[in-house]
Amino acid sequence: MDNRRIGVFDSGVGGLTVVAEISKQLPNEEVVYFGDTARAPYGSRHEDTITFFSKQIVRFLQTQNVKVIVVACNTATITSLEHIKKEFGSHILGVVEPGVISALETTKSKIGIIGTQATIKSKAYEKIIRNKRQDIEIFTKACPLLVQLIEEGLIDNEIADMTCKHYVEPLIKNGIDTLFLACTHFPIHKKSILKATNEKVTIIDPAIKTIQSLKILLEKENMLRLETNKPINELYVSGSSLNFKKIYKAINKEECVVKTVEIENY
Ligand code: DGL
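Here the structure is a predicted model, which means the values were calculated and not measured.

Enquirer: Sorry if this is basic, but what is going on with the packing of helix H2 (residues 47-62) against helix H3 (residues 74-88) here?
Expert: Angle between the axes and distance between the axes: these two values describe a pair of packed helices. Put simply, H2 and H3 touch, their axes get as near as 9 Å, and they point 55° apart. Relative to H3, the element H2 is oriented oblique. At the point where H2 passes H3, the crossing takes the right-handed sense. Counted together, Glu-47, Ile-50, Thr-51, Ser-54, Lys-55, Val-58, Arg-59 and Gln-62 of H2 and Thr-75, Ala-76, Thr-79, Ser-80, His-83, Ile-84, Glu-87 and Phe-88 of H3 form the full contact between these two elements. Each residue belonging to the contact of H2 with H3 can be placed in one class, and the counts come to five nonpolar, seven polar and four charged.

Following this line, the structure appears as structure tokens:
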């Protein structure tokens, strides 16, 4: 048994989709979440900068009595996970490997991957998929505006519908059967993405497999929280919390309290 909390971070609100999955699959666990709202989006930044930011966040989370850290950001997982593990140890999980497993379980032959500029440019997903399967056709598209719309609180409206259509339509024309959401922000646009695909393809949210892997790890290491009192998650941001609260409410159907942290001090 280990009643310490699970640390989760992202560039902004995207990682809340991963926290929602923790609440579903591991309802006893408590989370301390950090969203780097002052410095989001990460997707257009240099990889060294993203690694520098990620290390600061991990240092902050380590002051918060966490037993494990989930990097709830594809961009930070791809650019920084290995560097962070080297410095801070192995109880740090990313979203990339588990996500690939669900995508490969689902696709028949053609997979579309949407993510940030950094994620798509890295070709990390193609490399991992190619290592496991050579018979799959892969089509990718960087969708930076989708993150920015969410960080501005613009979801479930005409602008979101149009932007999703703009990015997703070319992939649909390529005949994809599976659309992999390689950015933790994107499930927040799920309704607009579904419209853009005419509900013809299977949409994969890597959070589900990521949290399955986390559950396996916690069980294996005897680290589950065994308290029965309702867990209370703690939320931190580095900048504005206005849109963060709005998106939190859209995801969780309840208000939240958000604290600010001077992340440059870590
Ligand atoms: N949610 C993030 C990801 O999964 C980062 C988005 C961004 O800040 O550009 O890649």
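Structure shown, so let's carry the discussion forward.
Enquirer: Would you take a moment to explain the nonpolar core for this structure?
Expert: One recurring pattern in soluble globular proteins: nonpolar side chains tend to sit buried together. Formed by 30 residues in total, the largest nonpolar core has its most connected members in Ile-6, Val-8, Ile-22, Tyr-33, Leu-214, Leu-235 and Phe-244. Counting only elements with at least two residues in this core, the list comes to strand S1 (5-10), helix H1 (16-25), strand S2 (31-35), strand S3 (66-71), helix H10 (207-220), strand S9 (234-237) and helix H11 (242-252). With residues near it in sequence (within four places) discarded, Val-8 still touches Gly-15, Val-19, Ile-22, Val-31, Val-32, Tyr-33, Phe-34, Leu-61, Val-70 and Ala-72. Counting residues in each nonpolar core, the second largest holds 22 residues, with Phe-9, Phe-34, Phe-53 and Ala-76 among its members.

Enquirer: Just checking my understanding: could you explain the site of the ligand for this structure?
Expert: The immediate surroundings of the ligand are formed by 13 residues, with Ser-11, Tyr-42, Asn-74, Thr-75 and His-185 found nearest. A distance of 2.9 Å is found between a nitrogen atom of the ligand and a side-chain nitrogen or oxygen belonging to Asp-10. Expressed as a share of its isolated accessible area of 300 Å², the protein-covered part of the ligand is 99%. Of the residues in the shell around the ligand, the class split is five nonpolar, seven polar and one charged.

Cut-offs used in this document
- Residues numbered from 1 in each chain as written.
- Predicted model: local features only at pLDDT ≥ 70, side-chain atom pairs only at ≥ 80, totals over all residues.
- Heavy atoms only, no water.
- Axes fitted to C-alpha atoms, helices over the stretch in contact; angles between N-to-C directions.
- Helix = DSSP H or I, 4+ residues; strand = E, 2+ residues; numbered from the N terminus.
- Parallel < 35°, antiparallel > 145°, perpendicular 65-115°, else oblique.
- Left-handed = near helix turned anticlockwise from the far one by under 90°.
- Contact = heavy atoms within 4.5 Å.
- Nonpolar A, V, L, I, M, F, W, Y, C, P; charged D, E, K, R; others polar.
- Core = buried A, V, L, I, M, F, W, Y, C linked by side-chain atoms within 4.5 Å.
- Buried < 20%, exposed > 50% of the residue type's maximum accessible area, 1.4 Å probe, protein only.
- Near = heavy atom within 4 Å.
- Polar contact = N/O pair within 3.5 Å; in protein donor to acceptor, adjacent residues only side chain to side chain.
- Areas by Shrake-Rupley, 256 points an atom, 1.4 Å probe, with all protein chains shown as cover.

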